[in-house]
Amino acid sequence: MWLRVAIRFRIPRMSSSVSAERNAILETLRAFCDAEIRPHVMEWDETQQFPRELFRRLGELGFLGTIFPEEYGGADLSYLDYAAIVEEISSVDGAVGLSLAAHTSLGSNHIFTFGTEAQKRRYLPKLTSGEWLAAWGLTEPEAGSDSWGTKTTAVRDGETWVLNGSKNFITNASVAGVAVLMAVTDRSKGRHGISAFIVELDTPGIRVGKKENKLGMRASDTCTLVMEDCRIPAQQLLGAPGDGFVNSMAILDGGRISIAAMSIGIARGAFEAALAYSKERRQFGKPICEFEAIRFYLAEMATDIDAARLLTQRAAAAKDAGELESRLSAQAKLFASEIAVRATDRALQIHGGYGFMKDFPVEKFYRDVKLCTIGEGTSEIQKLVIAKSLLE
Ligand SMILES: Cc1cc2nc3c(=O)[nH]c(=O)nc-3n(C[C@H](O)[C@H](O)[C@H](O)COP(=O)(O)OP(=O)(O)OC[C@H]3O[C@@H](n4cnc5c(N)ncnc54)[C@H](O)[C@@H]3O)c2cc1C
């Protein structure tokens, strides 16, 4: 299916070539980002303001439902396309990329992949159109990397489930209409005793708690969700009882591809800024790009970014083919996020003192990128996932 954005901007369909189609979408997206995101990036960052109106526009244009079928209002694009879209947006603003990724490949995709037909019909059209945003909550104060340590409980009471507990660091928590939340339904079964639930965020008993004041990704909303006797209908169980944790891991396999794409976008944004700056800035009577030290930085950054993109495309292609193994997305996320941290550091170094100032975009890329080695599993956890697969 051809993205709504393409229709709106009258891009001719080139069905003979998937990559030509992707390029056309990306070109349009680039123009959209330049007009509607780039001018506001620092204002949203400094005020920690989530750009809700922008997300309505992204929904109208089809960018909030890229990977879902047309029958649910999606654009029916591939995961490869989705990764390219996340990269493009993140090259302008990582915070918008993060909120879009949590909405798409975590919250909405959990409902799409494991939901009943009735759940998909109720929620996906609202989510793909941008009427609602989705959040996804696994993390708790005592259950971060050790997500089996979930303390939130869900107890069956007649035709309802009653949820108690809290989820922290939840992207989109205060701006979403619905969240997919994991809770223990049978503690004796360990990881097979955690279930997933779809919770509408205007349900009595669930409220937004602390809003985090963050180093980076400041325009992306990050809050705690607190559940106190939050009663939801029995049919809000998502997937089979006890499958919530295992299904979450499958959702994270896809999500990590989007974090890899986000890392590449941020690294590319910083690289492009540094490349341009190195041609303009003159010291010792010549542009600084004439110095070998700066050239080596640029060469290494460009090579790292390309290598990260290839790993990410390998994982995305495997997902499109239904052959994604955890190792592939963990390798992509690990490599892309680590090189992105290094690339933004080098990009800032190339700017010298000016890179330290908020007048130049590299300062924000440097702050935003650190989330990429932490969210959806830290680099250390990605190494555990990769090593487990190698040793099996
Ligand atoms: C901006 C932001 C947005 C987020 N959005 C979401 C969201 O939408 N939904 C959600 O559920 N979560 C979200 N998270 C949470 C994120 O996934 C967790 O922060 C992450 O998984 C790490 O958990 P933690 O912060 O508790 O760190 P910890 O688990 O406490 O880790 C601390 C350190 O110990 C290391 N460590 C832990 N265990 C091991 C081990 N076995 N071996 C080696 N090293 C180890 C870690 O790698 C890390 O370096 C978000 C986080 C942030 C910062």
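Residues numbered from 1 in each chain as written. Predicted model: local features only at pLDDT ≥ 70, side-chain atom pairs only at ≥ 80, totals over all residues. Heavy atoms only, no water.

Novice: Looking at this structure, how should I read the site of the ligand?
Specialist: Surveying the vicinity of the ligand reveals 17 residues, the closest of which are Thr-139, Ser-145, Phe-169, Thr-378 and Glu-380. Backbone polar atom of Leu-138 to an oxygen atom of the ligand: 2.8 Å apart, as the coordinates give it. One of the backbone N or O atoms of Phe-169 is found 2.8 Å from a nitrogen atom in the ligand. Within the complex, 63% of the 980 Å² of free accessible area of the ligand lies under protein. In this structure the site holding the ligand corresponds to the largest pocket. With three residues, strand E3 (residues 160-171) is the largest single contributor of residues to the shell around the ligand. (Near = heavy atom within 4 Å. Polar contact = N/O pair within 3.5 Å; in protein donor to acceptor, adjacent residues only side chain to side chain. Areas by Shrake-Rupley, 256 points an atom, 1.4 Å probe, with all protein chains shown as cover. 1 Å grid on protein atoms, 1.4 Å probe; cavity = no way out; pocket = protein on both sides within 12 Å on 5 of 7 lines; lining within 4 Å. Sits in = over half its atoms within 2 Å of the grid points. Helix = DSSP H or I, 4+ residues; strand = E, 2+ residues; numbered from the N terminus.)

Novice: How should the nonpolar core be read in this particular structure?
Specialist: Nonpolar side chains in soluble globular proteins generally cluster together in the buried interior. With 90 residues, the main nonpolar core has Ile-37, Phe-55, Leu-58, Ile-89, Leu-163, Phe-197 and Met-262 as its most contacted residues. Looking at which element gives the most residues to this core, the answer is helix H8 (residues 244-280), with twelve residues. Filtering out sequence-adjacent residues up to four positions away, Met-262 remains in contact with Val-86, Ser-90, Gly-94, Gly-97, Leu-98, Ala-101, Met-217 and Cys-372. By size, the runner-up hydrophobic cluster in this structure holds 22 residues, among which are Tyr-72, Val-178, Ala-196 and Ile-198. (Core = buried A, V, L, I, M, F, W, Y, C linked by side-chain atoms within 4.5 Å. Buried < 20%, exposed > 50% of the residue type's maximum accessible area, 1.4 Å probe, protein only. Contact = heavy atoms within 4.5 Å.)

Novice: Can you help me understand the state of the cysteines in this one?
Specialist: Every disulfide links exactly two cysteines, by a covalent bond between their sulfur atoms. Within this structure, the stated rule accounts for zero disulfides. Here Cys-372 stays free of any disulfide, with the sulfur of Cys-33 as its closest cysteine sulfur at 16 Å. The exposure class assigned to Cys-372 is buried, which follows from its relative accessible area of 0%. (Disulfide = S-S within 2.5 Å.)

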